[in-house]
Structures are given as C-alpha cells and as structure tokens.
Amino acid sequence: HDGAAIATDLHTLLMAAKIDGPYVLAGHSSGGVYVQVFAAMYPDDVAGIVLLDSQPSDALENLPGYAGEYSAIRSTYALGPSLARVGLMRLLYVLVPSDLPPEAWAEARASMSTATHNRGVRDDVVGLKAALAQAQALTTLGDRPLIVVTAAEDAHERWLPLQEKMAALSTDSIHRVIPDATHTSLIEDRGDSENSIQAILDVVAAVRSGAPL
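So, here is what we can say about the structure in this document.

Here we look at the nonpolar core
Part 1: In terms of nonpolar packing, the biggest core is built from 34 residues, with Phe 38 and Ile 49 touching the most fellow members.
Part 2: Within the residue set of this core, elements represented by two or more residues are α1 (3–16), β1 (23–28), α2 (30–41), β2 (46–52), α4 (66–77), α8 (115–135), β3 (146–151) and α9 (159–167).
Part 3: Formed by ten residues, the second largest nonpolar core is a distinct cluster that contains Ala 151, Ala 181, Leu 186 and Ala 199.

Considerations on the sheet that holds strand β4 (residues 173–178)
Part 1: Read across the open sheet, the four strands follow the order β1-β2-β3-β4; overall the sheet is parallel. On the outer flanks of this sheet lie β1 and β4, each paired with one strand and no other. Adjacent strand axes in the sheet meet at a mean angle of 10 degrees when their direction is disregarded.
Part 2: Two elements, β2 and β3, share four bridges in a ladder whose sense is parallel. Looking at the pairing, Leu 51 lines up with Val 148 of β3.

Topic: the packing of aromatic side chains
Part 1: Under the definition given, this model contains two aromatic pairs.
Part 2: Ring centres of Phe 38 and Tyr 42 lie 5.0 Å apart, and the angle between their planes is 50 degrees; this geometry places the pair in the tilted category. With respect to burial, Phe 38 and Tyr 42 carry one shared label: buried.
Part 3: For the pair Tyr 93 and Trp 105, a centre-to-centre distance of 6.5 Å together with 80 degrees between the ring planes defines the contact as edge-to-face. One end of the pair, Tyr 93, is in helix α6 (residues 88–94); the other, Trp 105, is in helix α7 (residues 102–112), with twelve residues separating them in the sequence.

What counts as what
- Residues numbered from 1 in each chain as written.
- Predicted model: local features only at pLDDT ≥ 70, side-chain atom pairs only at ≥ 80, totals over all residues.
- Heavy atoms only, no water.
- Core = buried A, V, L, I, M, F, W, Y, C linked by side-chain atoms within 4.5 Å.
- Buried < 20%, exposed > 50% of the residue type's maximum accessible area, 1.4 Å probe, protein only.
- Helix = DSSP H or I, 4+ residues; strand = E, 2+ residues; numbered from the N terminus.
- Pairing = 2+ DSSP bridges.
- Axes fitted to C-alpha atoms, helices over the stretch in contact; angles between N-to-C directions.
- Phe/Tyr/Trp six-rings, centres within 6.5 Å; stacked < 30°, edge-to-face > 60°.

Laid out in structure tokens, this is it:
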C-alpha cells in the first residue's frame, strides 16, 4: 500500500468516473507525497500542484531525527487495529483536541475509531518509506504552477529548507510560510486553513488563465 499503489488507485478512479484531466492535485502531509508520486507516474495528467506541509521526498535522509520518528510512528500505529476493536481508540480520541467544528470532529472521531480506518492508517504508514523513495522520481514539473505552503510553528529542524527545495520543482512556484500555523492547523483551524484554500484557488486560477503565479 505504497505511493505507487495509491496513485494508481486515484488514476483508476478518475478514469472510471470519466473525470478528464489534467488535474490540479493538492495534498497535505503524506498526501503531498502521494501527489508527487502521481505526478511522476502520470505527468501528462497534472496541470498544477499544491503541497500543504508535505513531507519532502528525501525526509528520511536529510531531515534530522525523522527516521527515528518514522520508526516510532510505525510501531505505534501497528497497535491501532487491535486497540480499535476493543474500543480503546474511541476513548483515546475523546481526549484529543481539534480545531474542527464540533459536529465535524465528532464524525471524524467516529471514523478514526474504527478498526477498518486503523488498518488503513497502519498500511499507509508501512508504505510511506517506499512512497518517499517513489516520490524522488519527480525531479521537475517544468513550468506548471506549484504552491508549497509550510507551517512554521514547531517545525522540524531543516523542515523549511527542504520545503523550499520542493518549491524548486517548478519554474513557476511560490513558497508560502505561515509563521503561526502548525502541521494540523493548516487543515483544521478556520483561519490557518484559509491559507490552504487560497493556495488551491490560486493554482486553479493560474491553470485556467495560463498566467504565471
């Protein structure tokens, strides 16, 4: 269940749904890794990209401490399906704060408490190492519009330079650093998520107009 498998699934679903490309792809966190893999596998189907605090493809090699963190996360999430089956994940998520609206967080919490969800997360985490390697096949987007949005609050050491390196994948790119945003708040906080939404709208507008960012 690595990046290539996920990119293939997405491409197959788009074809089956008869949604014609090229597409603007947006991905947060590991989703950004899958976006890079998709762009490497199907370059003609990509019109533009938005990377929202995505892991750099060389994170395991060049991000201090990330390899150890990945190993710990992999071990932790291996327990998820078993904990979900006995109801412990439901109890755990009650204690987890979120900036999502209460109704939305209740729905997300219910989904994330299931064994099915936790099996998927476990498999995604296991496949992430391969996905990062596969994402390294993307060496350029040419002049297709790319916006990299980076959360600076509590960022890893060298996170920002590696984010800047990702922005260099395109000759038409913008790197927006959000000083007070966290990795999670870029998609959960009403104010911080506006930066993510605006980045997507800006890339879509650039693709439609043909004008550079």
